[in-house]
Structures are given as structure tokens and as C-alpha cells.
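# Overview (structure and organization)
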Amino acid sequence: MAERQGSIGWQAWRRIGRKAGVVVLTAALAAGLTACGTDTGGGTAEGAKKSVELLNVSYDPTRELYAAYNQAFASYWKEKTGQNVTVQQSHGGSGTQARSVIDGLEADVVTLALAYDIDAIQGAGQLAQGWQSKLKDNSSPYTSTIVFLVRKGNPKGIRDWNDLVKPGVSVVTPNPKTSGGARWNYLAAWGYALKANGNDEAKAKQFIEALFKNVPVLDSGARGATTTFTERSIGDVLLAWENEAYLALKELGADKLEIVNPSVSILAEPPVAVVDKVVDKRGTREVAQAYLEYLYTEEGQTIAAQNYYRPRLASVADKFAKQFPKIELFTIDEVFGGWAKAQKTHFAENGVFDQIYKPK
Amino acid sequence: MASIALGPAAESRETPAHLNEPAWVRVLLIGLAVLFLTLILLVPLAAVFAEAFKKGAAVYLQSLTSKDALAAIRLTLAVAAIAVPLNVLFGVSAAWAVTKFRFRGKQLFLTLTDLPFAVSPVIAGLVFILLFGSRGWLGPFLAEHDLKIVFALPGIVLSTLFVTFPFVARELIPLMEAQGKDEEEAAVSLGAGGWRVFFRVTLPGIKWGLLYGIILCNARAMGEFGAVSVVSGHIRGRTNTLPLHVEILYNEYQFAAAFAAASLLVLLALVTLAVKSFVEWRHRRHADALAARERQGALREEAAWR
Amino acid sequence: MRNTSKRLLPGFGLTMGFSLLYLSLLVLIPLSAVFLKAATLSWDQFWQTVLNPRVLASFRLTFLTSLGAAAVNAVFGLLVAWVLVRYRFPGRRFLDGLIDIPFALPTAVAGIALTTLYADSGWIGALFAPLGIKLAYTPIGITIALVFIGLPFVVRTVQPVLQELDHSFEEASACLGASRTRTLWKVVLPELLPALLTGFALAFARGLGEYGSVVFISGNMPMKTEIAPLLIMTKLEQFDYAGATAIAAVLLVLSFLLLFVINGLQRRANRVQRQA
């Protein structure tokens, strides 16, 4: 009886089951094969190999930059050594990316938003000490700064930092706790407040408090904040990297937005580094080193400038002078005594940023 | 209680008037349900498709056939193909153990099974980093043998398994509970073996639930974002699944392409549902009224036997 | 009789053994990593982390919004399941097919789509904005996202039971002269209650951990719309693994207890129903 009850439907089921089994097996096999294929790149004896692979672990706003730069470097390297180099890209929040590298993501080079994140990788033993002095200019081949993005015509008349704390002005910035870019925003504002108030820390804190009172939404990442500002029409001004502001203008409409340069801002230095442990294991040190050094050449600098990063090389900087208006810039070392200290005072547990949101 | 293994539609076609609500109540309930689904489901979906086709069908197709998109689709399918069958196996065996037997700690077992639902996806990914990451418990061992788990396919599969862990079990347990075990016991007392009982008696009764479970598990396996994002490493064309690909595109301000990739996931889910409807339809075609009456007769016989 | 037939059916060893092994490998061992990591904190540090006012506020928000969303889903999910199984109307199959979409859609996409719609400038948000009701970037927005995420749990657990539900009970009840409402309330609902509770519990549990869709719509304002999983993320961004796992461990224990209680209720409902 039991047989009869299920027999009709069950036969169809079994047929389907058999087919599904085949599909599953094939797929699993295919997946296994691709997985095996994954590890074959970038072998040990690099010189003898015809092709080599690098993994560049980077943060969000550099996608366009490295998409262009990787091609340029590949043809340069091919010409120089006859070797084909493919650069794999991984992008994400700067801190998240640093964590992935610490936890075993095999990055040959890291190009992150803050030195603090690379310090953390070094702290985990993946990088030799003193990484920041291995390349020129604090290992930051390009720089950027923090500017304001406002709606076309600048309806709220925002000209400088002190306009941001006015009542009725709504400021969009991501959460400094989760976004590297937002930390630059915060530090730029703090630096301005110190300068405007004769280095009075208490006044600077008041300023920052007033500023964050005007923030309606704290997105978790920089690009999320840009979308909130442009697509959801929230806020009167967006604090953003200069390169991100230009990109937003280009991608999302120069007819709706415009950039305002504040009187003073921070010199953001996104650093790059070779991950010693990985390149030694994979035997890719030579090409990884060349990859980063090429960033400092005329061509590398031009690509950076074309992607709205401020070049270091004077000749390229002159060519793009129109694109990058002169803003008085201070460095994090000058005002905050380096990242480690800034991080500890401002963003760590119960730091200044947390105190802003302490219930009173 | 016999499980009448007819398709749902056939069942209610025969609903007699006294077992139905008055017409106005039906219309009201349908209206309410439709309104709710519209606000919560339909409009967001429409928004996804509207965005996807904003720049025209050409851009839509182009964004789906780009090299990275295809790699992401392949990876997503591979992950689902490994994760879903394993979880089905677990789901069926757990449901059998839980509903056919009494044992101490059943409630604990059930609760532990549910737990992955409550675990934040961030943590679901993080646990595997804590285990297999280079500073994790097994990190040194894996590094020594050059085995890659996290930031490679195995890690993505593991976190997907974790996230979709309870689906099939959870779908089957209430259903098998409701059906009791009288039929199986009858079959066993008639001398049928365990596998035979399962395939011939239990499975026909739970197949819709099982199918739902598989569909849900599969949908979630393909759509999982948070946990996979933690263990993937985001390497383009390598370890990016379709949901991660969506995020990348979105972050590149390619909104149309991002939503196109997202709409593909919606379509995949709809395809699995089409398969379900097809199976349902075939099944109904075979199971005519005669067979139904025969079954009833057989059941009565069986009852008499006991 | 049920009790004596405890071991009549075969396969307990095999299925239970396999289930336990699988559960341990995939859930218990990985989750124990959370507790071990959190245990690297001293008691003082642990309590300081989890009793921080911001963390507490986020726990409260996470629990209340998940509970609200699960309650909405229990009511409307039951309604939807009922309508889909019992009534015929144009577009029924289409709607039935849509129910699973929240699983298939990456949570981030869901979050973005919902934010687009429910923000003041969105199609739906614009309807409420003139009334002074803000949906996105408030706890209401979070609840909406969680309703979206949790809906399939309730519908898909109730639906199969409803499909397999024998009409003979309703028939008997109707024959005995009970009104339709009474039949539904006294006969049908108790039958569905275990499944409904399961669905509720799952939707609730899922809401507690949800991150991807909520971060977009919540606004992430400390003390107001900051959910607990976001705080975990925040800790991780600062390479504070121990702190992150401490918050995760608290969430885990709380949701375990809640699920345990709901599962107990569900089993009791089941027993009552089977005896009836």
C-alpha cells in the first residue's frame, strides 16, 4: 500500500533527483577545479616564469585608479622583462581589508587609506618594521585632501568649515569608527578648529560636537555616504576625499553638484607597501616592488592625477595645477603627532568621538 | 491522519461552501495580503528592476555578460551546488531523528539548529577566520601544508553552509511533527526496511516541505552577502560571489549594472520556483481522482490491519 | 502507545549521529571560537564592553525592532499563507513565487532598494513625509527592513502545514454546528500554532543578527539607530576582535535563550494539539 501511495509521484522525483545529482556533482567538480586553479598563479621562481600574478589589496576609492594603472604597469613590465603580469584587485573598507590581510589574504602589495591600517598589518608580523620609510614621501605616492561637495548653486552658502556648524545645515559624513575616509574628515575638521581657536583643544571639541550634531546619517562607508547625499538627497554638504568628490561629479552629474574648497584642510596621505611575508613566500618581491615604484614615475603620477589624486611629482603637478586648487594643508604628523596617537585620542573606545555621543 | 498528497490547488478546488469564508471576507483577506506584499515585496522588487533597466536592455545584458559578472555567477552556482545538498542531507536526517524518536535534550538540539539564523552574518564569517585565519587555531597547520580555506572557495562554502544550515531541517520538522509517525510504524510492522519506509512512506508526505526547504536554502545560499563578504577577500574574478559583485558595482556608481546583477538573483529564485510549479503540475496530472480513492481504500485497509 | 513505540522505527543512531556530527563541525565548534575569543578579556573588560551605554542602547534597539518585525510577520505571514493556500485569485502563483525573494536578494541590495523607497524622497517615503512621519533612518525603517527579511520564514513554515491540513477536522467542527470563525479559531489556528511559532522564532532570530540590509536604512546614529551588529563591525574595524566577540557572545546567549523558550512553547503547543 505504501508503495502505491507514493509510487506515481515518486518516480518523477527519483528521475529529478538523479538529474540533480549529476548536476550537483558536475558543479562540485567544476568548483573544485577552479579552486585548484586559483593557487597556480605567482609561483616561486619568478624570473623563469612567463607570467606572474600580483594581488593588490586596496580600499574603496582607488578602484578606477588601479584599473587604469594596472594596465599601464603590465605593458611597462612586459617591455622591461618580457614577463606578463596580471594584477588582481581587491577593494573594500580600508580597515576591513587590513584585517583580511592580517588573517591570511595573500596580498603582495597593500594600498590602503591610512598608515594606521598598514601599521596593524605590520603589528601582526606580515611586514618588516619601518615600512613607511622604504618608499619616498612616507610611502604615499599620491595624496588627497578633504573638500566639501554641495548641491548646485550652493543654496546654503557653505564656504568654509565654520559654516558646517551653523544651525539648519545638514552635514553628511560616514562613521569614523567604520570608515577610514571619515577619519580624515574628522581630523580635517579638528585641525581647522584648532587653527581657528589658537590651539584650544576644548574649543576644538566643542566645534566637533556641534559639527556632528548636524549629521543626520552616519553611513558605514565613504561611498555609502556619497550615495546617501546624491541619490537620497539627504544633507546640504558632503565631506569627502577630493578624488571622491571629483568622481562623484563625473559619475553622478556635474549639473547637480559642485565642489567647495575650504580655507584649510588636511593632507591625506594614502600609503602603499609591499607585504614582506607574502612576497617572500610567493617569490614576487621584485615585481611587487617595481609595481609600487612605478607609481612614482611620470606615467604613474599622471594616471593618479587623471583619477583626481594629487601627484607628488612637481612636473605632473604643474600640468594638473588647474585641477587641484591651492588649499592650505596640514599633515597628521604636524597636528596630531601621527596616526597611532590620533587613533588613540579620537577614535579608540571612549575617545573624543565616543564622548560626543555619550548620553548626558 | 492521512496526508492527501494532492497539489494544493486541487485540494482547495474541492473546498465545500461551508468550509469557506463568505465572499466579502475572502476579498478583504486577499486584499490585505496583496497590499502587504505590495508594500513590503513588490515595490522594492519593482525598484530593483526599474533601476536595472534604467539604461536600457543593452546595458543590462552587457553588465551580466562581463567577465567579472560571469566569474561571479559561476562561483555562486558552484557554492550553492556544494552547500545545498549537504544541508539537505542534514535537514532530512535531523528531522527524522527529532520527529520519529523521543530523546533527552531534544529542545536543546532544536535550539542549536536554529542558532545560525540568529548569528549576525558578520560573526558567521568571523568564526571561520578565527578558526582558519593565519592567526586562527588551525592557521599555522594550514599554512604549513599550503592549504587555503579562508579567502578561497572552501571558506565561502563553509560560511554559506553555516548561514543556510537550519533551512531544510526547520522546514521539515513542524511538518513531520504534524504528520506523526503512525504510517511509518505501520509500514515497519508490515516488514518494510528503514530506507524503504523513508522513501515510500515519509518522503511522499513531506515532499512539498522538503522542496520549499531546498528552494529557501538555495535562494539564501546564492544571496548571502554578509558572511561571505568576511571570508571572501573580494578578489575580482576569483572570490567574488554574485552578491559581492553587486556591491562592487554599486560602489563604482554603476547603479544600473549593480541592480542588473541583483535582478539576476531574483530571476534565479524565480526559476527554482518555476521548477517547483512544474513538479507540482506533473504530479497533479498523474494523481487523478481514481488513484486518490484507491489510496483512501488502502489506508482504510491499513487501519483495519492495525 | 506512542511512548512504548519509542524505538520501533529504525535509523535513530544513523540520523542522530550524523546530525550531531554535522552540527558540531559546522555550528558548535565555530561558535565556540566566539566564546573563547571573548574569554581573552578579563571580567572587568568584558562587562565594560557590554554594559557600555551605547552597546546597551543597541541591544535594546535590536531586540525591539526584531520583535516588532517578527510580530508583524506572524500576523501578516499567517494571512498571506492562508490566502495563498486557501483562495484562488489572479496572480496568486506569482505572489507565491515572490515570497522567497528576500532570501535570494542580497541583503545589501534589499537595504538599498528599501532605503530608496522609504527615504523622504522615495516613492513610499514621500507619501508619509507630509504627515511628518519619517520612515528611513528611524527605528521604523529598521523594522521595515526586518519585516522584509523575515517574511519568508513565517509564510514558508506555515504554508506546508496548511497544505497538508486535513479538511476533516474543519468538517467535523462545522457539522457540530460551530461557526466558521469559531472553527478557525479553535480548530485551525491550534493546528497551525506550532508552525507559526517556529516561523515567528526564526524571523525574530534572523532579525537579531541582520546587518546588510539594516545598515543602509538605519542611519547608524549612536544611541538612536545603531544596531548591535554594527557595533560588532565597529570593534572589528579597530582590530578589537575580543571586544567584537564579547558583544557577539552576549547576542548569541540572549538569542539562544529566546529560541530555547520559544521552542519549548512550540513543543508544548504541538503536544496539546496532538492530544486534542
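Structure: above.
This report concerns the structure included in the present document. The structure presented is a predicted model; accordingly, all values stated were derived computationally and were not measured. Sequence order sets the numbering: in each chain, residues are counted from 1 along the sequence as written. As a convention, the first chain written is A and the first ligand written is 1, with the rest following in written order. The predicted nature of this model means local features are confined to residues of pLDDT at least 70 and side-chain atom pairs, given and counted, to a pLDDT of 80 or more, with totals for whole chains, interfaces and linings taken over all residues. For side-chain calculations, the full set of non-hydrogen atoms in the structure is used, while hydrogens and water are omitted.

### Concerning the overall build of chain C
- Helix and strand labels come from DSSP, where a helix needs a run of H or I of at least four residues and a strand needs a run of E of at least two; each type is numbered from the N terminus. When helices and strands are counted, chain C shows 13 helices and 0 strands.
- Starting at the N terminus and ending at the C terminus, chain C contains elements arranged as α-α-α-α-α-α-α-α-α-α-α-α-α.
- By principal-axis analysis of the C-alpha atoms, chain C measures approximately 65 × 55 × 30 Å.
- Buried residues in chain C amount to 64% of all 276 residues. For the exposure calls, accessible area comes from a 1.4 Å probe over protein chains only, and a residue counts as buried if that area is under 20% of its type's maximum, exposed if over 50%, partly exposed in between.

### Examining the sheet that holds strand β3 (residues 109-111) of chain A
Residues and elements named next belong to chain A.
- Read from one edge to the other, the open sheet built from 4 strands follows the order β2-β1-β3-β9, with strand pairing classed as mixed. Strands with a single pairing partner mark the edges of an open sheet, and in this sheet they are β2 (84-92) and β9 (272-274). Each strand of the sheet is rotated relative to its neighbour by a mean of 20°, with strand direction disregarded.
- In this analysis, strands are considered paired if DSSP registers two or more bridges between them. Sheet topology note: the strand β1 (residues 51-59)/β2 ladder contains 9 bridges and is parallel. Bridge pairing links S51 to N84 in β2.
- Of the strands in this sheet, β1, β2, β3 and β9 touch helix α11 (residues 285-293), which is tilted by about 165° from β9. In this analysis, axes come from line fits to C-alpha atoms, helices being fitted only over the stretch in contact, and the angle between any two N-to-C directions falls in the range 0 to 180 degrees. Note on contacts: a residue pair is in contact if any heavy atoms of the two residues lie within 4.5 Å.

### Focus: the pairing of β2 of chain A
- Here β2 of chain A lies mainly inside the structure; 7 of its 9 residues are buried.
- A crossover counts as right-handed when, viewed with the strands pointing away from the observer, the path leading from the first strand over the helix to the second turns clockwise. Once the chain exits β1 of chain A it traverses helix α2 (residues 63-81) of chain A before rejoining the sheet at β2 of chain A, and the crossover so formed is right-handed.

### Let's talk about the environment of T160 of chain B
All names here are of chain B.
- Here T160 is to be found in helix α8 (residues 153-164).
- Given the relative accessible area of 1%, T160 is considered buried.
- Taking the C-alpha atoms as reference points, T160 and I82, 78 residues apart in sequence, are found 9.6 Å from one another.
- If we ignore the near neighbours within four places in the chain, the residues touching T160 are V79, A83, A221 and V228.
- Among the polar contacts made by the side chain of T160, one reaches the main-chain carbonyl oxygen of I156 at a distance of 2.7 Å. Throughout this description, a polar contact denotes any pair of N or O atoms lying within 3.5 Å of each other; where both atoms belong to protein, one of them has to be capable of donating a hydrogen while the other can accept it, and for residues adjacent in sequence the pair is counted only when both atoms sit in side chains.

### Points about the interface of chain B and chain C
- In this complex, chain B contributes 109 residues to the contact, which on the side of chain C involves 113 residues.
- What counts as buried area is the accessible surface, traced by a 1.4 Å probe, that two parts surrender upon association, with contributions from both included. Buried area between chain B and chain C, both sides added, is near 10,500 Å², and the carbon and sulfur share of it is 74%.
- Just to be clear on terms, a salt bridge is a Lys or Arg side-chain nitrogen sitting within 4 Å of an Asp or Glu carboxyl oxygen. The interface formed by chain B and chain C holds 0 salt bridges in total.
- Per-element tally for the side of chain B that touches chain C: the top contributor is helix α2 (residues 23-52) of chain B, with 17 residues.

### Side note on a nonpolar patch on the surface
- Patch membership needs two things, relative accessible area over 30% and no salt bridge, and members are linked within 9 Å if like-charged or within 5 Å if nonpolar (Val, Leu, Ile, Met, Phe, Trp, Tyr). For every accessible area listed, the method is Shrake-Rupley and the probe measures 1.4 Å; residues are considered covered only by the protein chains on display. Together, W137 and L138 of chain B together with L21, L25, I29 and L36 of chain C make up a nonpolar patch on the protein surface, roughly 590 Å² of accessible area in all.
- Residue position: L25 of chain C is located in helix α1 (residues 12-38).
- Taking relative accessible area as the criterion, L25 of chain C reaches 53% and is therefore assigned exposed.

### Quick notes on the pattern of salt bridges
Residue and element names in this part refer to chain A.
- Scanning the entire structure with this criterion turns up 35 salt bridges over all chains.
- The salt bridge partner of R312 is D137, with a shortest N-O separation of 3.9 Å. A residue pair is termed long-range when its members are at least 10 positions apart, and R312 in the loop between β10 (310-311) and α13 (314-319) and D137 in helix α5 (residues 136-139) qualify at 175 residues.
- Residue D137 is classed as partly exposed on the basis of its relative accessible area of 35%.

### Details of helix α5 (residues 106-118) of chain B
Residues and elements named next belong to chain B.
- Expected helix span is taken as 1.5 Å per residue step, with the number of steps being one fewer than the number of residues. For α5, with 13 residues, the first-to-last C-alpha span of 19 Å sits near the 18 Å given by 1.5 Å per residue.
- Residue L112 marks the point of greatest curvature in α5, where the axis turns by about 25°; the proline P116 follows within four residues.
- With 11 of its 13 residues buried, α5 lies for the most part within the structure.
- Taken together, the buried positions of α5 are K106, F109, L110, T111, L112, T113, D114, L115, P116, F117 and A118. Consider a residue and the seven residues that end there alongside the seven that start there; fitting an axis to each set, the bend is the angle between those axes.

### Quick word on the interface of chain C and chain A
- Each partner contributes residues to the interface: chain C has 25 residues there, and chain A has 30 residues.
- In total, about 2,300 Å² of surface goes out of reach between chain C and chain A, with carbon and sulfur atoms giving 53% of it.
- Looking at the side of chain C facing chain A, the largest losses of area belong to E237, Q238 and F239 of chain C, adding up to 28% of the total buried there.
- Counting the contacts that link chain C with chain A gives 3 salt bridges.
- With a shortest N-O distance of 2.7 Å, R54 of chain C and D354 of chain A are connected by a salt bridge.
- Contributions of two or more residues to the side of chain C that touches chain A are made by α3 (53-86), α6 (107-118) and α12 (228-237) of chain C.
- By residue number, the principal contributor to the side of chain C that touches chain A is α12 of chain C, which donates 6 residues.
- Here the nonpolar group is Ala, Val, Leu, Ile, Met, Phe, Trp, Tyr, Cys and Pro; Asp, Glu, Lys and Arg are the charged ones; every other residue, Gly included, is treated as polar. For the side of chain C that touches chain A, the residue count by class is 13 nonpolar, 8 polar and 4 charged.

### Let's talk about the packing of α2 of chain A against α11 of chain A
All names here are of chain A.
- For the pair α2 and α11, interaxial distance at closest approach is 11 Å and the crossing angle is 125°. If you check the angle between α2 and α11, you find them oblique. Two packed elements cross with a definite hand, and for α2 against α11 that hand is right-handed. Residue-level inspection shows Y66, Y69, N70, F73 and W77 of α2 in contact with α11, the latter providing E286, V287, A290 and Y291.
- A class-by-class count of the residues in the contact of α2 with α11 yields 7 nonpolar, 1 polar and 1 charged. Throughout, the term roughly parallel applies to angles under 35 degrees, roughly antiparallel to angles over 145, roughly perpendicular to angles from 65 to 115, and oblique to all others. It is the rotation of the near helix from the far one that decides the hand of a crossing: anticlockwise by less than a right angle makes it left-handed, clockwise makes it right-handed.

### Some thoughts on the side chain of T227 of chain A
- Structurally, T227 of chain A is set in helix α8 (residues 222-231).
- Under the relative-accessibility criterion, T227 of chain A is labelled buried at 3%.
- Polar side-chain contacts of T227 of chain A include one of 2.6 Å to the backbone oxygen of R223 of chain A.
- Look past the residues within four positions of T227 of chain A in its chain and what remains in contact with it is R232 of chain A together with Y250 and F255 of chain B.

### Remarks on empty space enclosed by the protein
- Its boundaries defined by the atoms lining it, the largest cavity holds a volume of some 780 Å³.
- By residue class, the composition of the lining of the largest cavity is 18 nonpolar, 18 polar and 7 charged.
- The pocket and cavity definitions rest on a 1 Å grid over protein atoms only: a 1.4 Å probe that fits but cannot leave marks a cavity, an open set with protein on both sides within 12 Å along at least five of seven lines marks a pocket, and residues lining either have an atom within 4 Å of a point. Grid points are joined across faces, edges and corners, and a volume is the space filled by probe spheres set on the points. Empty space within the second largest cavity amounts to approximately 160 Å³.
- The wall of the second largest cavity is formed by 15 residues, among which K177, E349 and D354 of chain A together with N52 and R54 of chain C lie closest to the centre.
- Taken together, the elements giving at least two residues each to the lining of the second largest cavity come down to α3 and α12 of chain C.
- Looking at the lining of the second largest cavity residue by residue, the classes come out as 5 nonpolar, 4 polar and 6 charged.

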